[in-house]
Amino acid sequence: MKIQRYLKGAVAPIAIAAVLIAQQAVAQETPAADEQTADEGEVIVVTGSRIALRTTDRREPTMVLGSDELESRGFTNLGDALRTVPAFAPPSSSPVGTQAGSFGAGQTFIDFFGLGSQRTLTLVNGQRYVSSNTASIFGPVDAGSQVDLNTLPTLMVDRIETVAVGGAPIYGADAIAGTVNIILKKEFDGVRLSAQSGISSRGDAEEFRLGALAGTTFGGGRGKVLASFEFNKAGGLLYTDREITRSGRFYVARNDPNFPFNNQLIEDRRIPILSEFGAPTYVDIVPGDLAALGAPGENYGFLDAQGNTLVFNRNGDLVPLDFGERHGLTNSAGGDGFSLVPLTNLQTPSERYLGYARGSYELTDSVEAFAEFSYANSKGTELRAQPVYNTWLFGDAGDPDGNLIIPLSNPFLSDAARATIASQLPAGQDFFYLGRANTDLVSGRGSTTVELYRIVAGFEGDFAVGDRNFDWSLIGNYGRSRTKGSSRELVQENFENALAGCTGTSSPIATVSSTCVPFNPFGHQNGPEVADYITTIAHPIATNTQMVVTADVTGGLFDIWGGEVSFALGYEHREEKADFDPGEFFYGVADPNDPTAPRGQYGRSIPIDPVFGKFHTNEGFGELLIPVVSPDMNIPFVDTLELNGAARYVDHSLTGGDLTWTAGGRWKPIEDFGFRGNFTRSIRSPAITELFNPTSPIFTTADDPCDSRFIGQGPNPANRAANCAAAGLPANFASNIVDLTSRGSLSGNIGLENEKADSWTVGAIITPRFAPGLSLSVDWVDIALKNAILSLDADQTMQACYDAVDFPSPACDQIDRDSDGQVEFIRTGYVNAASYDYSGLVAELDWRVATPFLGSQSQVLFSGSYQYIDKLEQRVGAGDLTTLRGLIGYSKHKGTASVSYANGPFGGFVQVQYFGKAVVDPDAQPTAYEYFTRGDVAFVHASVNYTFDDQLTLRFNIDNLFDTKAPFPTPAGGGVSTYYSGVMGRYFKVGAVVNF
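None of the values given here were measured: they were computed from a predicted structure.

Student: Can you help me understand the nonpolar core in this one?
Tutor: Buried together is how nonpolar side chains tend to be arranged in soluble globular proteins. Core analysis: the biggest nonpolar cluster contains 53 residues, and Leu82, Phe113, Leu115, Ile182, Ile783 and Tyr838 have the highest contact counts within it. At the level of elements, strand 3 (62–66), helix 3 (78–82), strand 6 (157–164), strand 7 (178–184), strand 21 (350–364), strand 38 (774–791), strand 40 (823–850) and strand 41 (858–876) are the ones that each hand at least two residues to this core. Discounting chain neighbours no more than four positions away, the residues touching Tyr838 are Phe113, Leu115, Val781, Asp782, Ile783, Gln867, Tyr868, Ile869, Lys871 and Leu872. Leu310, Phe312, Val388 and Phe495 belong to the second-largest nonpolar core, a separate cluster that totals 27 residues.

Here is the structure:
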């Protein structure tokens, strides 16, 4: 009944509006809208070439999503649509899961072939699009020029073409994995209004979309204009909103040495040594038994008469703490300790306003002027994140992050609590220590608003020289993206003043309120005025600009025996600039006595440096297509044979000159069957963050190779163990950096070089005449990336040290440990030190069949896409390989199959998404993790639609039709994004489209 009420509420306004609009449309007798798509066999400029080709003559593996499929699934975000293409890995950033808060919440960046989102080039109408990635090490994804797909309208999309590897010589740097070209409608006649509403079967995660598209011609058909507007709003979710994430499944180190797995699965993960209401001790340490620290039986917390450790509850009273089943110092299964589940974002709420307009006019019969304008305002909000902590784990008592030192005379301490604590304090001690997770002061909520505008304008035309026809274009492209963040942050000086009863001074940075109100650290008893005094609003801002001018000419050079030799020749100038301003709070405060000294911090965040950089390129490119044999030559077993090549020289203002090129061909023994292949050299230039990031402090976690959970892993476990022993670390060592952040630094590198990839593809295309409408392509793709830029993170730095054959290696100098062996500081930075290797098979099937036996006007479209990953691995220097093939999200086998049925006004659609088996860690032994393997799973989606009088279309969608669950034990080991359909559950959408 509940879901019926929700659906009625969602459907009614859309249906009523649609009927009213339909009546108006009929009264005006306006003709139906017309839209242009690339039909099979049409000669157009396809992605991956500047020479006009038939769509069936593509020379690289190409995956195409049409507007029909977008509408059938009711997609409101192009990132969701591309996730149905098996060759795409889990997105580097999306509205799902934990976010980057005020540095990039809810943004969508795609990752082709799993080589990193910075190695996928995204175009719009064949032109570059300005990036919305924040130029900071704290941004949502790796440094690069990634395009946020949230800023692109779905209603304007004609089709999305994704081409593997071959785009670099055509479009320039960044197309290591491939090129995604989002092709928008160029003409439209009429008006189209659309509305869509969605809700889950649990009655939450509501989504709404309203859109309008209008276009017409003028000047006797010489001019064309169209414009669109789109509004989209989606609700958010926390981990507590779904049973699967609410379960708190988590991997911990085994307690029993005879347990057959190194990492044991627990439910209801808790961290009992942390408390959001306060955990008191009389020594600067954590509460509870300290067996994990080598002191079994010792407990410096306060106890009740039964020997239970006491902590404060919400009301400020001391109550016994149930530790649950402990696993080491930090984790427990069950009990009533601190849980991160209520503080974890599952789906980011978003609100987007998208506008687009295009106009063109034929100045003469051979010259056309055009202009495009795009605007996007996209806001995403991370609902919750971890708070700021005060605990022995992060510092000594009295340090900003260490335990609080509370005098026994604190006026907020109840008489009963004061008596209990006083009775157990050492003689002469009139204070105690208090650990606290300050969830009542800082929720972790953070938002980002991306405001983007882009103008593309130019001239296109044709001319003739003799009997040769040539096409030319001159296009200018300017884009600007501004990402403004907002988050509440704790101001340390005000925190200390409020804790001391407002007897001290306030910070020079403005807070929400300037009026100090004393802070009660026991329980959750503070009013909002306390947090208003203690917190400020931080506003980091990232601004990216891009300017591109492109000129090219294409046409025929001369005829040879197979036909006309075609060419493309052009020049491109590109300028990119990125400016990241952390804002006053994150920047920190300079030492007034020594401006060159390290800056101080207003809160708990380390000072964050601004980043500014720019570069420009001058690029010349050319392309050649040579038809060696054509069908009319009637050569046996050589129906068609053609060769093609392309090259682009990129002169980069910072990294110098480099050449990218491709060479390939296409051979069809018979009309129905053919082969294609190419070899490509691709490049990616360093991003501004990678080049210009100053030495910045960071907080990081890492899988310490010397931790007992990981000492048995690596390329040579015996060597790793020996090196850890040589460093003085015991075999049962428990490293804090695995579960808790440690300090470190990260530096840019102005001496970085271009990444280079050598890639090849070979495949077959089948278009049999005996099955009209059938097209099948199967291609093998191999990508070998060398000199890849990466920030050697803490994991890789530590592996380079403790897996070294010659120990200690230089990497060991980057790691500082304290007397107990715990990591105090680790230095990281950007280097050309990695390699990536991908090889696999991709296949595409499309078959449109007339089915008069299912209805006089009916037809069925079968389509499918498949990827098999043979190799996907990364290596840093000469070190150990990191295997991604078979990892959760990178299953060896992935596929999508769809069936569409149309019969006059009625249509139906069914799609199945398949994810093959996967494992937690492909480089680990099956005994490393309990439940090492995730089973394969398939999610089924369906829709039906009906069109009335060629004007009003109503559509009903169900995502995850059978409410299939994500494989057990998600979310432990990852998989929330990969299996999100199974986390969300069944989801309903209803929509209406009116043309007039």
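Student: What am I meant to see in the packing of aromatic side chains here?
Tutor: Aromatic rings in a pair are described by how distant their centres are and how their planes are angled relative to each other. Under the counting rule described, the total for this entry stands at 34 aromatic pairs. With centroids separated by 6.3 Å and ring planes inclined at 45°, the aromatic side chains of Trp847 and Phe862 adopt a geometry described as tilted. Residue Trp847 is found in strand 40, and its partner Phe862 is found in strand 41; the two are separated by 15 residues along the sequence. Phe862 gets classed as partly exposed once you look at its relative accessible area, which sits at 35%. An aromatic cluster is built from Tyr282, Tyr300, Phe302, Phe312, Phe432 and Phe522, whose rings are joined through pairwise contacts. Positioned over the ring face of Phe250 is Arg269, at 3.8 Å from the centre of the ring. One cation-aromatic arrangement involves Arg599 over Tyr587; the distance from NZ or CZ to the ring centre is 3.8 Å.

Student: Help me out: how do you make sense of the environment of Ser93 in this one?
Tutor: When you line up the elements, Ser93 lands in the loop between helix 3 and strand 4 (120–124). Beyond its immediate chain neighbours, meaning those up to four positions away, Ser93 contacts Gln107, Thr108, Phe109, Pro140 and Val141.

Student: Which parts of the structure should I look at to understand the state of the cysteines?
Tutor: One way to say it: the disulfide is the covalent bond shared by the sulfur atoms of two cysteines. Overall, the coordinates contain three disulfides when judged by the stated rule. Disulfide partner of Cys502: Cys516, at an S-S distance of 2.0 Å. Note on the Cys502 and Cys516 pair: the S-S dihedral is about -85°, so by sign convention the disulfide is left-handed. Taken as a pair, Cys502 in the loop between helix 7 (492–499) and helix 8 (528–534) and Cys516 in the loop between helix 7 and helix 8 lie far apart in primary sequence, 14 residues in all. When its relative accessible area of 25% is taken as the criterion, Cys502 is described as partly exposed. Judged by relative accessible area, which is 23%, Cys516 ranks as partly exposed. With its sulfur 2.0 Å from that of its partner, Cys706 forms a disulfide with Cys724. Around the S-S axis, the bridge from Cys706 to Cys724 shows a dihedral of about -85° and counts as left-handed. Within this pair, whereas Cys706 is found in the loop between strand 35 (696–700) and helix 11 (717–726), its partner Cys724 is found in helix 11, the two being separated by 18 residues in sequence. Overall, the relative accessible area of 0% leaves Cys724 in the buried class.

Student: Would you mind showing me how to read the pattern of salt bridges here?
Tutor: This model, assessed by the stated rule, comprises 44 salt bridges. Across the salt bridge formed by Arg358 and Glu372, the nearest N and O atoms sit 3.3 Å from each other. Of the two residues, Arg358 is situated in strand 21 and Glu372 in strand 22 (residues 367–382); the sequence distance between them amounts to 14 residues. Of the two residues examined, Arg358 and Glu372, each falls in the buried class. A salt bridge links Arg684 to Glu755, with the nearest nitrogen and oxygen atoms 3.1 Å apart. Taken together, the residues span a long stretch of sequence, with Arg684 in strand 34 (residues 673–684) and Glu755 in strand 37 (residues 755–766) at a distance of 71 residues.

Student: Explain a nonpolar patch on the surface to me, please; I cannot follow it from the model alone.
Tutor: On the surface, Phe218, Val225, Tyr361, Leu363, Phe459, Leu474 and Val549 cluster together into a nonpolar patch covering about 560 Å² of accessible area. Tracing the backbone shows Val225 in strand 10 (residues 223–234). With a relative accessible area of 36%, Val225 lands in the partly exposed category.

Student: How should I be thinking about the sheet that holds strand 5 (residues 127–128) in this particular structure?
Tutor: Sheets are built from strands that pair by backbone hydrogen bonding, the pairs being arranged parallel or antiparallel. Pairing in this open sheet of five strands is mixed, and the strands run 3-6-7-4-5 from one edge to the other. The open sheet is flanked by strand 3 and strand 5, the only strands paired with a single partner. Where strand 4 meets strand 7, five bridges bridge the pair, whose relative direction is parallel. If you follow Leu121 over to strand 7, its bridge partner there is Thr179.

Student: Mind showing me how you'd approach helix 11 here?
Tutor: Two residues of an α-helix separated by three or four positions point the same way, owing to the 3.6 residues in each turn. Residues Asn719, Arg720, Asn723 and Cys724 constitute the buried set of helix 11. The buried side chains of helix 11 occupy one side of the element, clustering within an arc of 135° when seen end-on. What points out from helix 11, more than 90 degrees from its buried face, is the exposed set Ala718 and Ala726. Buried positions along helix 11 lie against helix 12 (794–802).

Student: When you look at the pairing of strand 10 in this model, what are you seeing that I'm missing?
Tutor: The two faces of a sheet get side chains in turn, since along a regular strand they alternate between them. Note that strand 9 (residues 207–218) and strand 10 share 12 bridges and pair antiparallel. Bridging across to strand 10, Arg209 finds its partner in Asn232. In this structure, strand 10 lies alongside strand 21, joined through 12 bridges in antiparallel fashion. Residue Ala227 lies in a different strand from strand 21, and its bridge partner there is Ala357.

Student: It is not clear to me how the side chain of Glu368 should be interpreted in this structure. Could you clarify?
Tutor: Relative to the elements of secondary structure, Glu368 occurs in strand 22. Buried and unpaired, Glu368 has no salt bridge, with Arg358 as the nearest side chain of opposite charge at 5.1 Å. Residues in contact with Glu368, not counting those within four places in the same chain, are Ser360, Tyr361, Glu362, Leu363, Gly458, Phe459 and Glu460.

Student: Would you take a moment to explain the confidence of the model for the chain for this structure?
Tutor: Within the chain, residue pLDDT values average 91, and 95% of them lie at 70 or more. Per-residue pLDDT stays below 50 along residues 1–40; that stretch engages in 63 contacts with residues further than four places along the chain or on separate chains.

Student: In this structure, what is going on with the sheet that holds strand 18 (residues 325–327)? I would like to understand it.
Tutor: Read across the sheet, three strands follow the order 14-19-18 without closing on themselves; strand pairing throughout is antiparallel. Two strands close off the open sheet at either side, each with one partner strand: strand 14 (269–270) and strand 18. Two elements, strand 14 and strand 19 (residues 331–333), share two bridges in a ladder whose sense is antiparallel. The residue bridging Arg270 from the neighbouring strand is Ser332, located in strand 19.

Student: Whenever I open this one, the packing of helix 11 against helix 12 confuses me. Can you help?
Tutor: When two helices pack together, their arrangement is given by the angle between the helix axes and the distance between those axes. Relative orientation of the contacting elements helix 11 and helix 12 amounts to 90°, with a least axis distance of 9 Å. The angle between helix 11 and helix 12 places the two elements in the roughly perpendicular class. In this structure, helix 11 contributes Asn719, Arg720, Asn723 and Cys724 to the contact, and helix 12 contributes Gln799, Cys801 and Tyr802. A per-class count over the contact of helix 11 with helix 12 returns three nonpolar, three polar and one charged.

Conventions used here
- Residues numbered from 1 in each chain as written.
- Predicted model: local features only at pLDDT ≥ 70, side-chain atom pairs only at ≥ 80, totals over all residues.
- Heavy atoms only, no water.
- Core = buried A, V, L, I, M, F, W, Y, C linked by side-chain atoms within 4.5 Å.
- Buried < 20%, exposed > 50% of the residue type's maximum accessible area, 1.4 Å probe, protein only.
- Helix = DSSP H or I, 4+ residues; strand = E, 2+ residues; numbered from the N terminus.
- Contact = heavy atoms within 4.5 Å.
- Phe/Tyr/Trp six-rings, centres within 6.5 Å; stacked < 30°, edge-to-face > 60°.
- Lys NZ or Arg CZ within 6 Å of the ring centre and 35° of its normal.
- Disulfide = S-S within 2.5 Å.
- Salt bridge = Lys/Arg side-chain N within 4 Å of Asp/Glu carboxyl O.
- Patch = residues over 30% accessible without salt bridge, like charges linked within 9 Å, V, L, I, M, F, W, Y side chains within 5 Å.
- Areas by Shrake-Rupley, 256 points an atom, 1.4 Å probe, with all protein chains shown as cover.
- Pairing = 2+ DSSP bridges.
- Arc of directions from axis to C-beta.
- Lys, Arg positive; Asp, Glu negative; His and termini not counted.
- pLDDT = per-residue confidence, 0-100.
- Axes fitted to C-alpha atoms, helices over the stretch in contact; angles between N-to-C directions.
- Parallel < 35°, antiparallel > 145°, perpendicular 65-115°, else oblique.
- Nonpolar A, V, L, I, M, F, W, Y, C, P; charged D, E, K, R; others polar.

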